[in-house]
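Reading the structure
What follows is the residue order along each chain.
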Amino acid sequence: MKGIVLSRALEDKIQLSDLPLPEPKMDEVIVRIKAAALNHRDEWSRKGLYPNLKDGIVLGSDGAGIVETVGSDEFSHWLGKEVIINPALHWGANQLVQSRNFEILGMPRNGTLAEYVAVPADRIHSKPSHLTWEEAAALPLAGLTAFRALVYQGQVKSGEKVLVTGIGGGVAQFAAQFALALGAEVYVSSSKEEKSQKALSLGVKASFNYTSEAWVQEALDQTGGFDLIIDGAAGDPLNQLISVTKPGGRIVFYGATMGNPGKLEARKIFWNQLKIMGSTMGSDRDFDGMMELVEKYQIHPLVDGVFPLEKAVEAFDRMKKGLQLGKIVLTP
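A brief structural summary. (Residues numbered from 1 in each chain as written. Predicted model: local features only at pLDDT ≥ 70, side-chain atom pairs only at ≥ 80, totals over all residues. Heavy atoms only, no water.)

**Here's the deal with helix α9 (residues 284-296)**
This is how it is decided: Strands here are runs of E lasting at least two residues and helices are runs of H or I lasting at least four, both read from the DSSP assignment and numbered beginning at the N terminus. Expected helix span is given by 1.5 Å per residue-to-residue step, counting one fewer step than there are residues. Throughout, a residue-residue contact means that at least one pair of heavy atoms, one from each residue, lies within 4.5 Å. In protein, a polar contact means a hydrogen-donor-capable atom and an acceptor-capable atom, both N or O and within 3.5 Å, with residues adjacent in sequence counting only if both atoms are side-chain atoms; elsewhere, any N or O pair within 3.5 Å suffices.
Spanning 13 residues, α9 covers 18 Å between terminal C-alpha atoms, matching the ideal 18 Å at 1.5 Å per step. In the core, the buried residues of α9 are packed alongside β5 (82-85), β9 (124-126), α3 (140-153) and α4 (170-181). Its side-chain oxygen 3.3 Å from the backbone nitrogen of Arg 285, Ser 283 forms the N-cap of α9. Positive backbone phi, approximately 50 degrees, marks Gln 298, located one or two places after α9.

Pasting the structure below:
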């Protein structure tokens, strides 16, 4: 089979390789991939910024396809079924936090950017019938992360004012779509006019340009402050988010692409009784809840573009430059 593997000795750090077909263990199934999607962790692996990297490993956490082989007759009912893959492995029994054994498909074990992938049978779910293969592939990792941040950690309620920062990325896209479906009044931030306009077309109330020094006051003037903020950047802008959060409000951040803040407005946090929470990926319960939400409201993930495996470098470079609006998908 063909697959995109990490190869740090090469200039592009990845390559399309010929690989042996995977053999399923007793608890696994083999999925023939119809579509797979990129996540920032794939690009971070290419940059050498992810732990436990191994050359020769197939990258990719998101995928959808058809079950072709099973490791045990126990799973024979899945044969020929259209499925999506939950990439969160070994979360554990504690809904509050993942176990020490937690890992994500695609590093250090082979992932979805290939023609076939072996996954534990308990990681597959029936593909929602209203989704295309590309939409289904776009859903799992970012959708799960957004659902946990918004619903489990953020406890979003209908009618609340919600700000989703950095619209355009996968998690932000889903957080906005899920919040709208659940009846929230949704606002976003972006530095790109095209991304802001797309968000507005989805039903978002307004978009703020976070590169403008005036955006904090504009947001306060327009909304009076937000009940809940979903953020993936952190860094020094966290203090701006603290400033636009209503007293008693919540900030949930699922990433820190801008690093740690140089300072923290501690007085505003305690005086305004704010809750600041971290969130990453999600449990099996969260994944089930996310799937139910997507099916109930017939949510369609935004797909930025579709590339064949042969053009993986082009797809990775698009993500690296932050050009995408929605998920970047690859097909075998």
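**Here we look at the pattern of salt bridges**
The following threshold applies: A carboxyl oxygen of Asp or Glu within 4 Å of a side-chain nitrogen of Lys or Arg is what we treat as a salt bridge. The cut-offs for exposure are 20% and 50% of the maximum accessible area for each residue type, with area from a 1.4 Å probe on protein chains only; residues under the lower value are buried, those over the upper are exposed, and the others partly exposed.
All chains considered together, the criterion is met by 17 salt bridges. Across the pair Arg 8 and Asp 55 runs a salt bridge, and its minimum N-O distance is 3.0 Å. Residue Arg 8 is located in the loop between β1 (2-6) and β2 (14-18), and its partner Asp 55 is located in the loop between α1 (40-47) and β4 (62-70); the two are separated by 47 residues in the primary sequence. A relative accessible area of 36% means that Arg 8 is categorised as partly exposed. Of the charged contacts in the structure, one is a salt bridge between Asp 62 and Lys 327, with a shortest N-O distance of 3.5 Å. Of this pair, Asp 62 sits in strand β4 while Lys 327 sits in strand β17 (residues 327-331), and the two are 265 residues apart along the sequence. Each member of the salt-bridge network shares a partner with another, and the members are Glu 28, Glu 103 and Arg 109.

**Examining the side chain of Thr 165**
Along the chain, Thr 165 falls in the loop between β10 (161-164) and α4. A polar contact of 2.7 Å, which involves the side chain of Thr 165, links it to the side chain of Asp 231. Leave out the neighbours within four places in its chain, and Thr 165 touches Ala 172, Ser 189, Ile 229, Ile 230, Asp 231, Gly 232 and Leu 241.

**Digging into the pairing of strand β13 (residues 226-231)**
The side chains of a regular strand alternate, first on one face of the sheet and then on the other. Rule in force here: Each pair of strands is called paired provided DSSP finds at least two bridges between the two strands.
Across the six residues of β13, six count as buried, placing the element largely inside the fold. Examined bridge by bridge, β10 and β13 share three bridges and lie parallel to one another. Within β13, the position partnered with Leu 163 by the bridge is Ile 229. Both β13 and strand β14 (residues 245-253) contribute to a ladder of five bridges, which runs parallel. Within β14, the residue paired with Leu 228 across the bridge is Arg 250.

**Quick word on the sheet that holds β13**
Selection criterion: Whenever a helix is involved, its axis is fitted only over the stretch in contact; in every case the axis is a line through C-alpha atoms, and angles between N-to-C directions fall within 0 to 180 degrees.
Across the sheet, which stays open at both edges, the six strands sit in the order β12-β11-β10-β13-β14-β15 with parallel pairing between neighbours. Each edge of the sheet is formed by a strand with only one pairing partner; in this case those strands are β12 (206-208) and β15 (275-278). Going from strand to strand, the sheet's axes swing by 20 degrees on average, the running direction of each strand aside. Helix α6 (residues 215-223) contacts β10, β11 (185-189), β12 and β13 of the sheet and is inclined by roughly 160 degrees relative to β12.

**As for the environment of Gln 298**
With respect to the helices and strands, Gln 298 occurs in the loop between α9 and β16 (303-308). Here the side chain of Gln 298 touches Glu 295 through a polar contact of 2.8 Å, landing on its backbone oxygen.

**Focus: the nonpolar core**
Going by this rule: Think of a nonpolar core as a cluster: buried Ala, Val, Leu, Ile, Met, Phe, Trp, Tyr and Cys residues, connected wherever their side-chain atoms sit within 4.5 Å.
Core analysis: the biggest nonpolar cluster contains 49 residues, and Leu 139, Leu 150, Val 164, Phe 178, Ile 230, Met 281 and Met 290 have the highest contact counts within it. Every residue in contact with Met 290, bar those within four places of it in the chain, is listed here: Leu 139, Pro 140, Gly 143, Leu 144, Phe 147 and Phe 178. With 37 residues, the next largest nonpolar core counts Val 29, Leu 38, Leu 59 and Val 119 among its residues.

**Looking at the environment of Ile 251**
One can find Ile 251 in strand β14. A relative accessible area of 0% means that Ile 251 is categorised as buried. Between the alpha carbons of Ile 251 and Ala 181 there is a distance of 20 Å; along the sequence they are 70 residues apart. Setting aside anything within four residues of it in sequence, one finds Ile 251 in contact with Ile 229, Leu 238, Leu 241, Ile 242, Thr 245, Lys 275, Ile 276 and Met 277.

**Some words on unusual backbone geometry**
Residues apart from glycine generally show negative phi values, whereas peptide bonds are mostly found in trans. Cis geometry marks the peptide bond from Met 107 to Pro 108; its omega dihedral reads 15 degrees. In this structure, Lys 13 takes a positive phi of about 70 degrees despite not being glycine. The topology assignment puts Lys 13 in the loop between β1 and β2.

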